[in-house]
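Understanding the architecture of this molecule
Listed here are the chains, written in short residue letters.
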Amino acid sequence: MYSRMKNNSTTQLSLRKLFLLSILFTILAGCLCATAAADTKGSNIWDEEQRMPSTYNWTPHLYSGFYFDTDSDLYTESLEMTISTSGRTIESSNARYMTEVEPARFAYSDWGSYDFIAWIGKPYFAGYEKYDSGDKNDTAYFAKSNVSTLSDKRLYEVLINEKSERKISSGDTHNLENDYKLRISDINTNNREFRLTLEKGGSAVKNETVSSNSTFVFEKSLDNSGSIPIIAVHVRDVTDGKAVIDGIFQISENSKDVSSGKRVDAMEITNVNNTSIIMKNPSRIDLSANRNITLMEHIKIQVGDSSKLRFGLISDPITTAEKKYPSRSSVYDIYDNNMKSWTGRSYGEFSYIWSNGMTPENLTVDVKGNIGRTLNPKEISYEVLSYNSSFNYSDWGGFKSVRIAGDEYFAGYTAYNSSEKNNTTNFTSSDYNILEKGLISKVLVNNNSSRSYSVGSEISLGDGYALKLNKIEGEGSSKKLNLTLLKNGSAVENASLSENENYIRKTTFGEIGGVPQIVVRVGSIFVGSSSTEINISGIFQISDNTTDVTAGRRIDNMRVEYTSRTGFYLLNNDTIDLSRGRDIRLVGNLSLHVADSDDVRFFFFNQNGSTTQKSLKIILPDMVYPYQDIDIRVQASDGSNWINAEGVQVRVNGNSIGSTNSSGQIQYTVGESGTYNFSAEKDGYTSAFQMKSTTDPEKNLTMTAPLYIFESDSFLIFVRDDSYAYVTGASVYENNVLIGMSDENGSVSVTAKAPGSFEYKATKSGYGPGAMSQNILPYGPYFAVTNAPLSELEFFMNQRTKIPFEITNVGKEKGVGEVSISFNDQNTTKKVTLEPGESKTISYTVKPLTAGYNVITVGNQSFAFYSNESGKPAVPWDMLAIGGGILLLILVLAGGVWYFTQKKRGNQKTKKPAKSTKSAKSVSAKSATPSKSKSSKPANASQKSSTFGFLSGGSNGSGSGNSGSNSGSSSSKPKPKNTAPSQSSKSKENTHKFSSSNKPAELKNSQKKARENQEKKGKL
């Protein structure tokens, strides 16, 4: 522990020196972010503001994503890019990736060499040179002929290349790659030999007896390269009843195609020969701010969120060396990169502020000339400056922090200022600077969780702390959350918080008290009939345990030389031995790796990986509407910057919807109205949570387009709202790809692509989304029903109705085809020939079998109509025809019967005149008394009445006929006036209106004519 001796004059002199150093240090800190002439030769980040050359070359020395065996100094890759700052682009063919074949020594060096090539960060096999005992180092000991897989445009990944001694007992196995396995058996110690079996998938593929100092080789035919060795095993000896293996080489049996023209993400292979491969970008690369761009497989371009163009190469570790030394710094090499200073531009674990290019960490090896195997005390300096870091819950603003090789530490708060809300702390009105007092505290939690919890939940924090959500107190706007802060299970304090209120736990650091240590943002509180939800929007926590960075303090192999309110400065305290193959811890997790090489070659790395948990945050639209497609963006923080995060798994209400793309985005279609819980997860990062409730839109979008569209047609899509008013500024998508924004007429111009079905949608903030499907038709004739007047017709069950269909050729060419019609599982076709635009009408008669809706299909169009159960009665014309025929027959027969009956009666009257005389006498006897009734109609009226009675059923015909007949008989022979009436004449007295003496003249004439007619009939 360093202690200051204020009464010592030497100490006072040192303090005066420190004061001068403080001034110099502050000036230096202010200049770091503004220096335009900084040396950036060893930088992985290209920075426009640093006046870097427009054509820049990345090599494995600068970028850890390229393959680099630092022990053997083996590397073959480079990437050169020419940058256009004005357009923030890399134009077509201006990104050039090149890799070349190099001879590489087997790890078991007695085998010689093989042809090696690195491809996008991985080691690959490219061939063998036939063994030549006179050139052992550059040929392969077990190669029987020359092999060049690159001549066949094929590469095979090197899976194992190692020299390490293994002792294997009889019956034991040793696993290789690709499901291969070595099995040892029948060890003969006397003869120093054993049985070596190579298995794949449990089956033996080769076995032989091997002896000490021999090589076991397995060959296999690969593609067009013929049979080549893919596995070699060197047997050193047999000792103590065990087989000793000290060398293994294996390549993959699965090839990588590197043919010219093959696309690899944003790059394309343009040239391949036996010695090299070249790729270029066929299209422009957009370097818009705050983007991650997949260049080729795992290699990406990260563009900073800045008005000035700043970008670098990033990647995930993929090789064994990279996983052991993740995110290594640029490599010091006396021949290829002899830079002796490292910042955030050259070491990814050091902090780098993308917005202004500031590099708060700077490590320098202060050695004149080349670096040797020993570094003396104070030859390594490490400068750490504080900077403003953002809370992940952005409403809180920011705080002061420092980073030590990837680990973030709290340095202080700045009192809130509304005009500087991003750089000041929202929840404090006082300044707190613990760095000024020589202290820093590790940041344990920095979340914008926006996560819902139920009553009784316990939220785990760092350093043994936890929050217990006890209960909800009060109701309505007065409700509060009652919580307890726990430390190792014991209560520390209780608090009651309203909605949108901060819980703040304060502590004392050294001489500074009242420093917020734990801050929790309580969001909404929902109390339902059966459940309760408490939204926690953000959590921030710093450690109880501070790190002392006062001057003189020793931390690992470094000692603090100076501390101020803006940073501190460390020097190596002891001599550092750079012997080959060593890993040396400097301070914290900041370590140095020395290559196992005759040449001094080293790089910096994080010994245990970054112990500061990197954070994620979810960015959603301000308003989310039901059934809307939204873009979810996820960003990751390295403690100083927020960068769009790729490969983050996103869940909605617990269900995975996929992973984010290179821009940190993923699309999601919202369902019905409600609350949605979003989460983002990725290994090595603190998960993010956010809850969002939907907002019901005031209006919805609708989309219209022409009914028939053919390939290559240009057409307009119109976007309107519920009131049919045109909507300007709506985003229109075709198969989820943005194709334009609607203009002042609500339209977007579209050119139809190849035939097929396309999905279109329109979105605009504040509106419910619109969508439609559109079929693009092939060029040629196309028949369609353009008029089907079903609404003008009535349909009834079991009744026939004829439907006319107007068929039009809406296509581009004349067509001859058959129009298919389908109804009630019955199909028919009608042949139609039409010129473009011509129409014809075809008819089809339907007979619905059921009441309700029915569907008839014409071509590929379907039409529905409604059939009533009953309506106006159907006219059974067939039955009417049959019935009418029968009725006519009956009438004819009845007429015939009547005719012959009448004829027969006439004949009978002619043969029996006595009866008629008798009847006349009876009538005459009665005529002495005049009738009081009115005169009857003449005889012809009685005959008409008889005819009417037949047509209407013959009900009165008999009486009238008898009356007429009787009148005729009495008129022929008048009765004497004094004749007494007979008994029979009395019974018919009331039927006779006139006697023979008082008949009117008209009646007499009528009767005379009747007698004449009767006589004529008799003669006939």
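Here the structure is a predicted model, which is why all the values come from computation and not from measurement.

Scanning all chains against the criterion turns up 32 salt bridges. In this structure, the salt-bridge partner of Arg310 is Glu49, at a minimum N-O distance of 2.4 Å. In this pair, Arg310 is assigned in strand β25 (residues 310-314) and Glu49 in the loop between β1 (45-47) and β2 (55-58), connecting sequence segments 261 residues apart. With a shortest N-O distance of 2.6 Å, Asp596 and Arg580 are connected by a salt bridge. Here Asp596, found in the loop between β49 (590-594) and β50 (601-606), pairs with Arg580, found in the loop between β47 (576-577) and β48 (583-587); they are 16 residues apart in sequence, far enough to count as distant.

This structure, assessed with the given rule, holds 51 aromatic pairs. For the ring pair Tyr114 and Phe116, a centre distance of 6.5 Å and an interplane angle of 75 degrees mean the geometry is edge-to-face. Owing to a relative accessible area of 0%, Phe116 belongs among the buried residues under this scheme. Both rings, one in Tyr352 and one in Trp354, keep their centres 5.1 Å apart while their planes meet at 90 degrees; by these two values the pair is edge-to-face. We note that Tyr352, like Trp354, is buried. The rings of Tyr67, Phe106, Tyr108, Trp111, Tyr114, Phe116, Phe125, Tyr128, Phe142 and Phe249 are connected pair by pair, giving a single aromatic cluster. Positioned over the ring face of Phe216 is Lys206, at 5.1 Å from the centre of the ring. Residue placement shows Arg328 over the ring face of Phe603; its charged tip is 5.9 Å from the ring centre.

Once that is clear, we can look at the sheet that holds strand β72 (residues 801-809). An order of β70-β72-β75 is seen for the three strands of this open sheet, with the pairing classed as antiparallel. Looking along the sheet, the strands with just one partner apiece sit at the ends: β70 (783-787) and β75 (839-846). The sheet shows a mean angle of 40 degrees between the axes of neighbouring strands, taken without regard to direction. Note: β70 against β72, four bridges, orientation antiparallel. Across the sheet, Asn787 pairs through a bridge with Glu806, a residue of β72.

Right, let's talk about the pairing of strand β76 (residues 852-858) for a bit. Inspection of the sheet shows strand β73 (residues 815-823) paired to β76 by two bridges, in the antiparallel sense. Across the sheet, the residue bridging to Ser822 is Thr857, located in β76. Bridging between β76 and strand β77 (residues 861-868) involves seven bridges; their strand directions are antiparallel. By the bridge assignment, Gly852 is partnered in β77 with Ser867. Hairpin connection of β76 to β77: two residues between the antiparallel strands, including Gly859 at a positive phi of 65 degrees.

For the rest of this paragraph, the subject is the nonpolar core. Ranked by size, the top nonpolar core spans 43 residues in total, and within it Tyr114, Phe125, Tyr128, Phe249 and Ile251 carry the most contacts. Elements supplying a minimum of two residues to this core: β7 (113-119), β8 (122-128), β10 (154-162), β13 (180-188), β14 (193-200), β16 (214-221), β17 (227-239) and β18 (242-257). The element that contributes the greatest number of residues to this core is β17, accounting for seven residues. If we skip the residues at most four places from it in the chain, Phe249 touches Phe106, Trp111, Tyr114, Phe125, Tyr128, Phe142, Val158, Ile160, Asn161, Ile230, Ile231 and Ala232.

Turning to the pairing of strand β55 (residues 655-659), a few remarks are in order. Pairing geometry for strand β54 (residues 649-652) and β55, over four bridges, is antiparallel. If you follow Gln649 over to β55, its bridge partner there is Ser659. Counting the residues that bridge the hairpin from β54 to β55 gives two residues, and of these Asn653 lies at a positive phi of roughly 50 degrees.

Reading the values: the criteria
- Residues numbered from 1 in each chain as written.
- Predicted model: local features only at pLDDT ≥ 70, side-chain atom pairs only at ≥ 80, totals over all residues.
- Heavy atoms only, no water.
- Salt bridge = Lys/Arg side-chain N within 4 Å of Asp/Glu carboxyl O.
- Helix = DSSP H or I, 4+ residues; strand = E, 2+ residues; numbered from the N terminus.
- Phe/Tyr/Trp six-rings, centres within 6.5 Å; stacked < 30°, edge-to-face > 60°.
- Buried < 20%, exposed > 50% of the residue type's maximum accessible area, 1.4 Å probe, protein only.
- Lys NZ or Arg CZ within 6 Å of the ring centre and 35° of its normal.
- Pairing = 2+ DSSP bridges.
- Axes fitted to C-alpha atoms, helices over the stretch in contact; angles between N-to-C directions.
- Core = buried A, V, L, I, M, F, W, Y, C linked by side-chain atoms within 4.5 Å.
- Contact = heavy atoms within 4.5 Å.

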